[in-house]
Each structure stands twice: as structure tokens, then as C-alpha cells.
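# Descriptive structure summary
These are the residues of each chain, in order.
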Amino acid sequence: MAANMYRVGDYVYFENSSSNPYLIRRIEELNKTANGNVEAKVVCFYRRRDISNSLIMLADKHAKEVEEESETTNEADLTDKQKHQLKHRELFLSRQYESLPATHIRGKCSVALLNETESVLSYLDKEDTFFYSLVYDPSLKTLLADKGEIRVGPRYQADVPDMLAEGELDDREQAKLEVKVWDPDSPLTDRQIDQFLVVARAVGTFARALDCSSSVRQPSLHMSAAAASRDITLFHAMDTLHKHNYDLSSAISVLVPLGGPVLCRDEMEEWSASEASLFEEALEKYGKDFNDIRQDFLPWKSLTSIIEYYYMWKTTDRYVQQKRLKAAEAESKLKQVYIPTYNKPNPNQLSSNNGKPGAVNGAMGASYQTQTSLIGRACESCYATQSHQWYSWGPPNMQCRLCASCWIYWKKYGGLKMPTQTEEEKLSPCQTTEDPRIRTHMSRQATQGTPVRNTGSPKSAVKTRQAFFLHTTCLTKLARQVCKNTLRLRQAARRPFVPINCAAIRAEYADRHCEIVGSPLKIKSTRKPLSCIIGYLEIHPAMKPNVVRSMPSLQTPAAKRMLATPNHSSRSILGKRNYSHHNGLEERSCCISD
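Model, not experiment: these values are computed from the prediction. Every chain begins its residue count from 1, and numbering advances along the sequence as written. Predicted model: local features are reported for residues with pLDDT of at least 70 only, side-chain atom pairs are reported and counted for 80 or more only, and whole-chain, interface and lining totals are derived from all residues. In computing side-chain values, all of the structure's heavy atoms are included and hydrogens and water are not.

## Let's talk about the overall build of the protein chain
Only runs of H or I of at least four residues qualify as helices and only runs of E of at least two qualify as strands under DSSP, and these elements are numbered from the N terminus. Counting secondary structure elements, the protein chain contains 24 helices and 11 strands. Any two residues whose heavy atoms approach within 4.5 Å at even a single point are treated as in contact. Of the contacts formed within the protein chain by residues at least 6 apart in sequence, a portion of 61% connects residues at least 24 apart. We get accessible surface area from the Shrake-Rupley algorithm with a probe of 1.4 Å; when it comes to residues, only the shown protein chains can shield them. Carbon and sulfur atoms form 55% of the exposed surface of the protein chain, whose accessible area is close to 39,900 Å².

Here you go:
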């Protein structure tokens with residue numbers, strides 16, 4: 001019962017597709033719709049498979065930097081399997097919200113900010129446990145470090161120097177040290193200090209009465225006195241007293257100079273009503289993310305000013321009223337919802353009842369594959385050959401399958417339980433593949449996310465391209481020349497999967513063949529043997545022409561003939577015979593045209 005009860009703040013699995021992995025979300029609100037259904041307003045988390053390769057490289061670089069600075073388990077000490085599965089546990093937080101039906105919840109999980117002082121193996125030892133350290137922006141496609149990290153570890157510890165001995169000189173740079181602003185051992189008593197602070201408040205109240213803008217904001221004497229009693233007035237009074245060596249007469253004279261009383265304002269008085277409204281709107285949207293508040297709502301304010309205003313705003317009646325309104329809204333909303341366990345069959349299950357065929361990947365239009373044809377096919381992840389239930393996985397043309405345990409791992413963690421051969425090559429670059437064609441094919445599969453075929457062997461096999469030899473007959477070669485208008489070889493080459501109308505080609509060739517049947521075609525010239533050619537060259541040696549070499553100018557006609565572009569219509573670029581000339585089709589085309 002408790003496992004099926006979901007509350008606000010829980011991290012849950014959502015299923016939006018029967019074949020894709022679960023979505024990981026955090027429940028922010030549970031709302032009841034008009035038709036009685038329950039919708040969950042959730043915060044989105046993204047997996048590594050959901051972001052681009054460039055951002056994955058950036059995340060790996062950030063992970064290396066964190067690993068170098070931490071004193072926990074080094075990633076080099078992990079096995080290939082642990083490195084592979086650790087990537088499935090990494091998530092990326094986002095500020096994106098969405099509403100999903102609560103009936104799509106498939107279970108609970110745990111997501112935590114990456115703890116640099118904890119070993120990464122702790123995340124692998126626990127089921128349904130994930131971590132994150134970066135924030136992903138789906139609209140801008142950027143990754144940023146989370147601002148809410150807890151600064152724990154050796155990087156954030158203060159270096160306390162040894163105590164100086166008596167008479168030892170302090171060689172530290174004094175400009176970088178703290179400045180003393182108050183002396184608790186001053187000659188003044190606490191009563192004298194309190195009397196001075198009362199005088200400072202009275203001066204501040206009088207200064208607000210003289211200021212026109214302040215009289216508009218605080219029209220009554222009580223409001224002016226309350227504003228003058230804020231911390232900014234007390235801090236100014238104590239700082240003035242310290243600077244004048246706790247001399248009361250000298251400090252009072254500074255509070256009221258010749259130009260009039262000193263007016264000290266804090267952020268609560270400096271901000272206008274419109275700026276306060278913008279801040280409350282931004283706080284409702286972003287929470288305490290002051291960088292985003294400044295960037296999107298108050299760019300003319302400094303970050304220090306916004307933070308100071310926030311902590312002063314929390315002491316006002318406005319904050320108390322909003323807190324009460326939120327509490328009333330929370331009372332009216334759902335606190336929890338009960339979702340029964342989802343036990344409907346998955347469309348990707350491969351049926352084994354009475355030898356009936358099971359639809360691959362739930363696509364009824366795709367080709368069916370009987371259970372008998374799957375006998376001997378191992379699991380694509382763990383290479384197991386026996387399982388109480390099999391699930392189709394990957395593209396329909398690959399006909400891959402996963403066992404029950406690997407299917408659950410795929411749905412929860414978004415990857416295969418065991419690393420494939422391609423991933424092992426990435427993890428251990430010293431290993432090389434013997435056949436470069438196989439290595440190229442595997443890298444292409446890894447880029448496109450295509451599953452690697454497995455034939456049941458413990459070693460991961462690859463479905464390589466099948467080698468073939470295309471043998472064309474003489475009639476086929478003739479048809480290419482005779483039926484050029486129907487074939488349109490250029491268009492057919494651009495669309496290799498569009499079938500060619502062979503019947504129309506046969507009909508046209510039959511008509512053209514009847515027209516030229518009176519003039520027999522020379523199919524192919526008979527090539528003489530090499531011995532005859534050698535004997536002919538011995539009897540008729542080639543004569544070398546006497547060429548008079550000179551240095552022609554570019555202006556002479558001979559140079560122009562030398563620079564003229566040669567005609568390659570009957571020869572190829574390399575000076576060899578082209579396809580038509582080599583196969584004796586030029587003579588045939590001439591005969592046909594005649």
C-alpha cells in the first residue's frame with residue numbers, strides 16, 4: 001500500500017512509450033482535473049541519451065575535473081561494466097515543468113545531488129538510485145553546474161596558520177585581512193551605547209521627515225520611526241562610534257553635519273513598488289535562484305542587492321501574507337494519490353503460446369517472427385539463452401530481443417546491462433580490431449544507436465555488409481543503351497529503393513529490337529591473345545617521331561595548341577577507355593541510331 005502511494009516531492013518513473021525507457025520526474029503538485037482524473041505537475045530530469053554528443057563530452061570533462069579534486073574512488077579503479085552502468089545512473093536536472101497523467105506512474109526512484117565525498121559505487125549498489133551534478137536547459141541546449149551544491153570537502157576547508165610567537169613579525173598581506181569594525185572592550189558602558197543608538201534613530205526619523213520621497217513612502221510618523229529603526233541605521237551609528245574612538249560628542253556631531261541629518265536607507269526603502277512586484281513574481285517562478293531572477297526580471301539590480309532585499313523582505317507582513325496564502329492553497333490541493341500496480345501486458349512481449357507469432361516492437365504492420373525462429377537467439381545484453389519472458393528490442397528489421405531482467409534494466413536505466421564491444425573499445429583504446437571494416441561498421445552502429453546483432457555466442461558479433469558480385473548479361477547491357485529514356489539511370493541511382501518497371505523496359509526493347517533486327521549488332525569485339533600482339537609489334541616496331549623541342553611563348557599559336565583542352569569524349573580522365581568503349585557499346589549505339 002505504501003509503495004503505491006505517491007506524494008509531492010517523490011521521484012517517480014513515468015512511462016510515455018512501451019518500448020522507450022521510463023521518464024524520471026519529481027512531483028511538484030498533484031491536481032484534480034474537471035473530469036476527475038489526477039494530473040501531476042513534475043520537474044523534468046534528462047538522461048545522457050537525451051542530450052547531444054557535444055554536451056556529453058562537456059559532462060565527461062566536468063566529471064574528470066570533479067574526480068581529480070575529490071579523494072574518493074578513482075574512475076580508473078572501476079571495471080568496464082561499472083563504468084558502463086555508472087553512466088546510466090547520471091541525470092541532468094532542468095528547470096522545465098510539465099503535466100503528466102498520474103496513471104502513467106510506474107514506480108518510485110531516488111535522485112540526489114552528487115556527493116563528492118561519497119564513493120560512486122554507492123549509487124551502483126542501490127536499486128533505482130540516480131545522481132546529478134549539472135543543470136540542462138532544453139531550450140538553449142546548455143549544461144551548467146548546479147548552484148545548490150553543498151560545499152563539503154577539502155577544497156572548502158580554511159587553512160588556519162600557526163599562532164605567532166611573541167615578538168614575531170606578521171608577514172601576511174594586511175590588505176587581504178579582515179578589518180576590525182567593533183571593539184567589545186571599549187571604554188563606553190552598555191547604557192551609553194544604547195543612548196547613542198536612540199539618538200541615531202531619532203536623527204534618522206527626522207531625516208525621513210525632511211526627505212520628500214521618504215514622506216511619500218512613509219506618510220505617518222510610525223512608519224518613519226520603524227524605517228529609522230532598521231539595521232542600516234544601527235550599523236551606521238556603531239560604525240561612526242568606532243571610527244571616532246568611542247567619543248560620544250564627536251560621533252554625534254558626525255550624525256548631524258552642517259548640511260543636515262544623515263539619511264541611511266536599506267534595500268527595502270530603495271526598491272519601488274513595481275520592482276517589489278517583479279521580485280515576488282520571479283521568486284514564485286525560480287525560487288531562490290537569484291542569478292536567474294536577476295537575469296530575467298531585474299537586470300539593473302546587482303546580485304548583492306537582490307539577496308539583501310530577499311532577507312529583508314522575509315521580515316515583512318507581505319511575506320507572512322503570501323506564506324498564509326500558499327498554505328491555504330496547499331490545503332486545498334491533493335497531498336498524495338494512490339496508483340495501483342500496472343500489470344497490463346507490454347506490446348513488446350514475444351508471445352510463446354501455442355507457437356503463435358509475436359509482433360516485433362508492437363508494430364502490427366511489421367514482419368512477424370515466430371517463437372520457433374527465435375530459438376537459439378541470445379539476449380542482446382547478457383547473452384542469456386533462457387528466460388521466462390522475452391521482449392523485442394531495437395528496430396524491427398534487427399529482430400533483437402532482451403530477457404526479462406535486462407528489459408527491466410533497459411526501462412529503468414535507459415541502457416543495456418552489459419557493455420557492447422563498441423563501448424569496450426571506447427573504454428579501452430589500446431585494444432584494436434583486426435578487421436578495419438568491422439571496426440568502421442561498429443562505430444557507425446554506435447553513432448546511430450543501432451543495436452549490435454548477437455547470434456548466441458558470448459562474444460558480441462556484428463552484422464557486416466554482405467559481399468556480392470553483380471553479373472550482367474549482354475542483353476542487360478544492350479537494354480541500358482537502347483532504353484535510356486525509360487530507364488533514366490541518373491534518377492534511378494538517386495532513388496535506389498524505388499523499383500524499376502521491368503515490364504515497360506522489356507516492351508520497349510522488344511519494339512526497338514524488331515526495328516533493328518535487319519542490321520545485326522556486334523555484341524563485343526573479340527580481343528586477340530597476347531602472343532599475337534607481341535608478334536605484330538616485333539614485325540612492325542613503333543617509330544618515334546623526331547620532335548624539335550623549343551621554348552615557345554604563350555603568344556605563339558603552337559603554345560595555344562598546347563594549352564588547348566584535350567577532348568576526352570572517347571576516353572576517361574586517366575586516358576583509359578571509358579565504360580562504353582571498353583564494352584564495345586559505341587559501335588552498337590551507332591548501328592542503332594543508323
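## Here's the deal with the packing of aromatic side chains
Classification of ring pairs uses Phe, Tyr and Trp, with its six-membered ring standing for Trp, and accepts pairs whose centres are within 6.5 Å; under 30 degrees between planes counts as stacked, over 60 as edge-to-face, and the remaining range as tilted. One pass over the full model with this rule turns up 21 aromatic pairs. With centroids separated by 5.9 Å and ring planes inclined at 65 degrees, the aromatic side chains of Phe 45 and Tyr 132 adopt a geometry described as edge-to-face. Of this pair, Phe 45 sits in strand β4 (residues 38–46) while Tyr 132 sits in strand β7 (residues 129–137), and the two are 87 residues apart along the sequence. Remark: exposure states derive from per-residue accessible area (1.4 Å probe, protein chains only) relative to the maximum for the residue type, with buried under 20%, exposed over 50%, and partly exposed in between. Of the residues examined, Phe 45 reaches a relative accessible area of 3% and is grouped as buried.

## Thoughts on the packing of helix α7 (residues 231–243) against helix α8 (residues 248–255)
Closest axis-to-axis distance for the α7/α8 pair is 9 Å, and the angle between their directions is 130 degrees. Taken together, the axis directions place α7 and α8 in an arrangement best described as oblique. α8 is crossed by α7, and the crossing has right-handed handedness. Residue-level contacts link His 236, Thr 240 and Leu 241 of α7 to Leu 248, Ala 251, Val 254 and Leu 255 of α8. Only the stretch in contact is used when fitting a helix axis, every axis being a line fitted to C-alpha atoms; angles between N-to-C directions are given from 0 to 180 degrees. Roughly parallel means an angle under 35 degrees; roughly antiparallel means over 145; roughly perpendicular covers 65 to 115; every other angle is labelled oblique. The sense of a crossing depends on the near helix, which, turned anticlockwise from the far helix by less than a right angle, makes the crossing left-handed and, turned clockwise, makes it right-handed.

## Things to note about a nonpolar patch on the surface
Each patch is built from salt-bridge-free residues with over 30% relative accessible area, joining like charges within 9 Å and nonpolar side chains (Val, Leu, Ile, Met, Phe, Trp, Tyr) within 5 Å. Salt bridges are counted wherever a side-chain nitrogen of Lys or Arg sits within 4 Å of a carboxyl oxygen of Asp or Glu. Together, Leu 530, Ile 533, Ile 534, Tyr 536 and Leu 537 give the surface a local cluster of nonpolar side chains, amounting to about 520 Å² of exposed area. Along the chain, the position of Ile 534 falls in helix α21 (residues 530–539). On the accessibility criterion, Ile 534 (43% relative accessible area) is partly exposed.

## Considering the side chain of Glu 267
Note on placement: Glu 267 falls in helix α9 (residues 267–270). Here Glu 267 occupies a buried position and makes no salt bridge, while the nearest side chain of opposite charge, Lys 301, is found at 5.0 Å. Not counting residues within four places of it along the chain, the set of residues in contact with Glu 267 comprises Ser 305, Glu 308, Tyr 309 and Met 312. Note on charges: Lys and Arg go in the positive column, Asp and Glu in the negative column, and His and the chain ends are not counted at all.

## Focus: the nonpolar core
To define a nonpolar core, start from buried Ala, Val, Leu, Ile, Met, Phe, Trp, Tyr and Cys residues and group those joined through side-chain atoms within 4.5 Å. Ranked by internal contacts, the top residues of the largest apolar core, which has 15 residues, are Ile 24, Phe 45, Leu 91, Cys 109, Val 111 and Phe 130. Taken together, the elements giving at least two residues each to this core come down to β2 (11–14), β4, β5 (90–101), β6 (105–113), β7 and α14 (404–413). The element best represented in this core is β7, accounting for 3 residues.

## A word on the side chain of Arg 47
Position of Arg 47 relative to the elements: it lies in the loop between β4 and α1 (53–69). The charged side chain of Arg 47 is buried without a salt bridge, its nearest counter-charge being Asp 50 at 5.2 Å. Think of a polar contact as two N or O atoms within 3.5 Å of one another; within protein, one of them needs to be a possible hydrogen donor and the other a possible acceptor, and neighboring residues in sequence only count if both atoms come from side chains. Within polar-contact distance, the side chain of Arg 47 engages the backbone oxygen of Tyr 413 at 3.3 Å. Contacts of Arg 47, omitting those with residues within four sequence positions, involve Pro 21, Tyr 22, Ile 24, His 88, Glu 90, Leu 91, Phe 92, Phe 130, Lys 411, Lys 412, Tyr 413 and Gly 414.

## Quick notes on the pairing of strand β10 (residues 390–393)
The alternating pattern of β10 places Trp 390 and Ser 392 and Tyr 391 and Trp 393 on opposite faces, both of which are buried. DSSP calls a pair of strands paired once it identifies at least 2 bridges connecting them. Sheet analysis places β10 next to strand β11 (residues 400–403), joined by 4 bridges and oriented antiparallel. Paired with Tyr 391 across the strands is Leu 402, a residue of β11. Linking β10 to β11, which pair antiparallel, is a turn of 6 residues; within it Gly 394 sits at a positive phi near 90 degrees.

## So, helix α10 (residues 273–286)
The end-to-end C-alpha distance of α10 is 20 Å, a good match for the 20 Å that 14 residues give at a rise of 1.5 Å each. The set of residues buried in α10 consists of Glu 275, Ala 276, Phe 279, Glu 280, Ala 282 and Leu 283. Projected down its long axis, α10 shows its buried positions confined to an angular sector of 165 degrees, all on one face. Turned more than 90 degrees away from the buried face of α10, the exposed residues are Ala 273, Ser 274, Glu 284 and Lys 285. Contacts made by the buried residues of α10 are with α9, α11 (290–296), α12 (303–313) and α13 (317–332). Phi for Gly 287, located one or two positions after α10, is positive at around 70 degrees. Multiplying one less than the number of residues by 1.5 Å gives the expected span of a helix. The arc refers to the directions leading from the helix axis to the C-beta atoms.

## Some words on the pattern of salt bridges
Summed over all chains, the structure comprises 16 salt bridges. Note that Asp 10 is salt-bridged to Lys 108, the shortest N-O span being 3.9 Å. With Asp 10 in the loop between β1 (5–7) and β2 and Lys 108 in strand β6, the pair connects residues that are 98 residues apart, well separated along the chain. Of the residues examined, Lys 108 reaches a relative accessible area of 31% and is grouped as partly exposed. Notably, a salt bridge pairs Arg 95 with Asp 289, separated by 3.5 Å at the nearest N-O pair. Of this pair, Arg 95 sits in strand β5 while Asp 289 sits in the loop between α10 and α11; the two residues are 194 residues apart in sequence, bridging distant segments of the chain. What emerges from the salt-bridge pattern is a single network uniting Glu 15, Arg 106 and Lys 411.

## Some remarks on unusual backbone geometry
A positive phi angle, near 55 degrees, is found at Asp 128, a position not held by glycine. With respect to the helices and strands, the residue Asp 128 is situated in the loop between α3 (121–125) and β7. One non-glycine residue, Gln 399, adopts positive backbone phi at about 55 degrees. Within the element layout of this structure, Gln 399 appears in the loop between β10 and β11. A relative accessible area of 14% places Gln 399 in the buried class.

## Observations concerning the pairing of β7
Here β7 lies mainly inside the structure; 8 of its 9 residues are buried. Relative to β7, β5 runs parallel, the two sharing 3 bridges. Bridge pairing links Leu 91 to Tyr 132 in β7. In this structure, β7 lies alongside strand β8 (residues 142–145), joined through 4 bridges in antiparallel fashion. Considered in β8, the bridge of Tyr 136 is made with Leu 143.

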